[in-house]
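Commentary on secondary and tertiary structure
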Amino acid sequence: MTVTAVTSTSTAVTSTSTAGNAVLRVAPATPAAAAAYFGASLAFHADVSDVAAALAADGDPGFVVLDSRSTESWDQGHVPGAIHLPTALIPEQAGELLDRAVPVVTYCWGPGCNGATRAALALAELGFQVKEMLGGFEYWAREGFEFETWEGTGRRAVDPLTAPVDAEDCGC
């Protein structure tokens, strides 16, 4: 079966699919629309590995990391050097703690939590440049990066489902 769909850019996209194929039931976006979408996604997101690499490099990474979780969560573990500012306190304290000229990378617990998204929205509404760190603290720890707790520093073994065990990066 040949399926033709007209996208919002008035470009017809034709694909061959079989009945019941949920993947192609809605035709893929045009390459131009896909490039715009994925480019925008990268403007809004950074992954744990890229944040860790930038923080580990010599010099100023050009951004600050903000942990938007509660004090109890912060005490259990956080990214070294992160600023602790729970989302609810952003409107009253962000201007005192952050420089609007420096981009902010927010994180929360992990992919099942939208706290980093809420924090990023609150910061953007206050005029800050902001990105969200995908994976949050969960993936920071699962990828084996050092973290700080109220008791000191810690590090977990690399979870082979999230990062390569014997390589510096995943190659993506």
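Whatever comes next refers back to the structure up there.
Throughout what follows, the structure given in this document is the object of discussion. This is a predicted model, so every value here is computed, not measured.

1. Points about the sheet that holds strand 7 (residues 130-134)
If you walk across this open sheet you meet the 5 strands as 3-7-6-4-5, and the pairing is parallel. Bordering the open sheet on either side are strand 3 (45-47) and strand 5 (83-84), each of which pairs with just one other strand. Bridge count between strand 4 (residues 64-67) and strand 5: 2 bridges; the pairing is parallel. Within strand 5, the residue paired with Leu-66 across the bridge is Ile-83. Across the sheet, helix 1 (residues 31-44) lies against strand 3 and strand 7, angled at about 95 degrees from strand 7, the strand it touches most. Packing against the sheet, helix 5 (residues 115-125) makes contact with strand 4, strand 6 (104-107) and strand 7, and its axis sits at approximately 150 degrees to strand 6.

2. Some details on the pairing of strand 4
Bridge analysis of strand 4 against strand 6 gives 4 bridges, and the strand direction is parallel. By the bridge assignment, Leu-66 is partnered in strand 6 with Thr-106. The handedness of the strand 4 to strand 5 crossover, carried by helix 3 (residues 71-76), is right-handed.

3. Details of the environment of Asp-60
Looking at where Asp-60 falls in the secondary structure, it is placed in the loop between helix 2 (48-56) and strand 4. Taking the relative accessible area as the measure of exposure, Asp-60 reaches 69% and is therefore exposed. Among the polar contacts listed, one links the side chain of Asp-60 to the backbone nitrogen of Gly-62, at a separation of 2.9 Å.

4. Quick notes on helix 1
For helix 1, which comprises 14 residues, the first-to-last C-alpha distance of 20 Å matches the rise-based estimate of 20 Å (1.5 Å per residue) to within 8%. Little of helix 1 sits inside the fold, with 0 of its 14 residues counted as buried.

5. Remarks on the pattern of salt bridges
When their charged atoms lie close together, side chains carrying opposite charge are able to pair. Taken as a whole and judged by the stated rule, the model has 3 salt bridges. Among the salt bridges present, the one from Glu-138 reaches Arg-142, with a minimum N-O distance of 3.0 Å. Of this pair, Glu-138 and Arg-142 are both found in helix 6 (residues 136-142), 4 residues apart, which corresponds to roughly one turn of the helix. For Glu-138, a relative accessible area of 32% corresponds to the partly exposed category. Classification of Arg-142 as partly exposed rests on a relative accessible area of 24%. Across the pair Arg-142 and Asp-159 runs a salt bridge, and its minimum N-O distance is 2.6 Å. Taken together, the residues span a long stretch of sequence, with Arg-142 in helix 6 and Asp-159 in the segment after strand 9 (152-154) at a distance of 17 residues. A cluster of three or more residues bridged by salt bridges with shared partners is formed by Glu-138, Arg-142 and Asp-159.

Rules used in this analysis
Residues numbered from 1 in each chain as written. Predicted model: local features only at pLDDT ≥ 70, side-chain atom pairs only at ≥ 80, totals over all residues. Heavy atoms only, no water. Pairing = 2+ DSSP bridges. Helix = DSSP H or I, 4+ residues; strand = E, 2+ residues; numbered from the N terminus. Contact = heavy atoms within 4.5 Å. Axes fitted to C-alpha atoms, helices over the stretch in contact; angles between N-to-C directions. Right-handed = clockwise from strand over helix to strand, strands pointing away. Buried < 20%, exposed > 50% of the residue type's maximum accessible area, 1.4 Å probe, protein only. Polar contact = N/O pair within 3.5 Å; in protein donor to acceptor, adjacent residues only side chain to side chain. Expected span 1.5 Å × (residues − 1). Salt bridge = Lys/Arg side-chain N within 4 Å of Asp/Glu carboxyl O.

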